[in-house]
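# Breakdown of the fold
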Amino acid sequence: MTCNETKNLLNAYVDGALDSAGSLSVESHIQRCTSCLTDMENLRSLSSAIQNGGLRFTAPSSLKRKVQAAIGAANPGVKRSFFNWRWAGALASAVLVVVVGLLLSAQRPKSSEEALLVDDIVSSHVRSMMANHITDVASSDSHTVKPWFGGKLDYSPPAKDLTAQGFRLVGGRLDYLDNRPVAAVVYQRSQHFINLFVWPATNTAIKPEDQLTRQGYNIIHWTQSGMTYWLVSELNLAELSECARLLKE
Ligand SMILES: [Zn+2]
């Protein structure tokens, strides 16, 4: 793996969110790369600082005065001396810690989950070509590829033959994404491989097609008839869009 690929996976690695193959690739890289190792250690200490509530802010004196004034206005009968400013300061700090924690956790879901998934999809695509393990079943016949998934998945992915349209069906492979085994249907256009990852959609709401580029790979994502589709390749976006259009027909 390159430094860029490693750095993209580091957050997930530190959070323990990578699959075992991903963790192994990161570990073998940081064993021989000081730069990525340092990044990983920095992320680790940031993550433990957040977990230990080590992020603290001292309330500024202007805030103290505002709180003091507000309390005075709301409770005219309360004598100022009853109020212990040490505790007020501690309370304000604690509130800030909670607020910062909530902000950090609120920012994480969705966008970062989807970003992690996109990273995993690109990694799976790259790995399938690097390991020379692009297919588990090699066939250009959809009547061979489709039934092959039958005994291995609890759903039946499409394995359209698009050879006549210039996208040769190469075969199928089992992969692991989004915490589940998924189907990878493999196509080839000139010298470029295309992985189509398919699994049942958890959110069946119709989404407009997404087009992304990560690390030089083009990715097209859509949902259709209860399935989620991720098409990934180094093929240019125009031809990959054509492939997506044919698959959707
Ligand atoms: Zn590196």
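The rules behind each value
Residues numbered from 1 in each chain as written. Predicted model: local features only at pLDDT ≥ 70, side-chain atom pairs only at ≥ 80, totals over all residues. Heavy atoms only, no water. Helix = DSSP H or I, 4+ residues; strand = E, 2+ residues; numbered from the N terminus. Buried < 20%, exposed > 50% of the residue type's maximum accessible area, 1.4 Å probe, protein only. Contact = heavy atoms within 4.5 Å. Areas by Shrake-Rupley, 256 points an atom, 1.4 Å probe, with all protein chains shown as cover. Phe/Tyr/Trp six-rings, centres within 6.5 Å; stacked < 30°, edge-to-face > 60°. Lys NZ or Arg CZ within 6 Å of the ring centre and 35° of its normal. Donors = N, O, S within 2.8 Å, 3.2 Å for Na, K, Ca; no water. Tetrahedral: all angles 85-135°; square planar, octahedral: opposite > 155°, others 65-115°. Pairing = 2+ DSSP bridges. Axes fitted to C-alpha atoms, helices over the stretch in contact; angles between N-to-C directions. Parallel < 35°, antiparallel > 145°, perpendicular 65-115°, else oblique. Left-handed = near helix turned anticlockwise from the far one by under 90°. Nonpolar A, V, L, I, M, F, W, Y, C, P; charged D, E, K, R; others polar. Salt bridge = Lys/Arg side-chain N within 4 Å of Asp/Glu carboxyl O. Core = buried A, V, L, I, M, F, W, Y, C linked by side-chain atoms within 4.5 Å.

Another aspect to go through is the overall build of the chain. Within the chain, the secondary structure is distributed over eight helices and seven strands. Put simply, the chain has 249 residues, and 35% of those count as buried. Partitioning the contacts of the chain with sequence separation of at least 6, the portion at a separation of at least 24 is 59%. Of the roughly 14,200 Å² of accessible surface on the chain, a fraction of 56% belongs to carbon and sulfur atoms.

Here the focus is the packing of aromatic side chains. Counted according to the given criterion, the structure contains two aromatic pairs. Ring geometry for W148 against F149: centres 5.1 Å apart, planes inclined by 75 degrees, an arrangement best described as edge-to-face. Judged by relative accessible area, which is 0%, F149 ranks as buried. It is R189 that lies over the ring of F167; its NZ or CZ is 4.4 Å from the centre. Sitting over the face of the ring of W222, K248 holds its NZ or CZ atom 5.2 Å from the ring centroid.

Bound to the zinc ion are the protein donor atoms C3 (SG), H29 (NE2), C33 (SG) and C36 (SG), situated 2.1 to 2.3 Å from the metal. Relative to the metal, the four donor atoms surrounding the zinc ion lie at angles of 100 to 116 degrees, and the coordination shape comes out tetrahedral. Read from N- to C-terminus, the donor residues coordinating the zinc ion fall into the pattern C-x25-H-x3-C-x2-C. With C3 in helix α1 (residues 3–14) and H29 in helix α2 (residues 20–30), this pair connects stretches of sequence that are 26 residues apart.

All right, on to the sheet that holds strand β4 (residues 192–200) then. Taken together, seven strands build an open sheet; the order of strands is β1-β2-β3-β4-β7-β6-β5 and the sheet is antiparallel. What marks the edges here is a single partner per strand, and that holds for β1 (137–138) and β5 (210–214). Running over the sheet, helix α7 (residues 142–150) touches β1, β2 (168–177) and β3 (180–189) and is turned about 10 degrees from β2.

Time to look at the packing of α1 against α2. Two numbers describe how α1 lies on α2: the axes approach to 10 Å, and their chain directions differ by 120 degrees. With respect to α2, the element α1 is oriented oblique. The two elements α1 and α2 cross, and the hand of that crossing is left-handed. Residues C3, T6, L9, L10 and Y13 of α1 pack against S23, V26, E27, H29 and I30 of α2. Split by residue class, the contact of α1 with α2 holds six nonpolar, three polar and one charged.

Turning next to the pattern of salt bridges. In this structure the tally under the stated criterion is eight salt bridges. Ionic pairing is found between R245 and E242, a salt bridge with its closest N-O pair at 3.1 Å. Here R245 and its partner E242 are both found in helix α8 (residues 237–248), three residues apart, which amounts to about one turn of the helix. On the accessibility criterion, R245 (41% relative accessible area) is partly exposed. Look at E242 and you get partly exposed, because its relative accessible area is 30%.

For the rest of this paragraph, the subject is the nonpolar core. Among the nonpolar cores identified, the biggest contains 42 residues, and Y187, L196, F197, W199, W230 and L231 are the most heavily contacted of them. Mapped by element, the contributors of at least two residues to this core are α6 (109–130), α7, β2, β3, β4, β6 (217–224), β7 (227–233) and α8. If we skip the residues at most four places from it in the chain, L196 touches A183, A184, V185, Y187, W222, Y229, W230, L231 and L247.

In this section: the pairing of β3. The two faces of the sheet receive side chains in turn, since in a regular strand these alternate between them. With seven of ten residues buried, β3 lies mostly within the body of the structure. Of the strand pairs in this sheet, β2 and β3 are connected by nine bridges, and their pairing is antiparallel. Looking at the pairing, D175 lines up with V182 of β3. Linking β2 to β3, which pair antiparallel, is a turn of two residues; within it D178 sits at a positive phi near 55 degrees.

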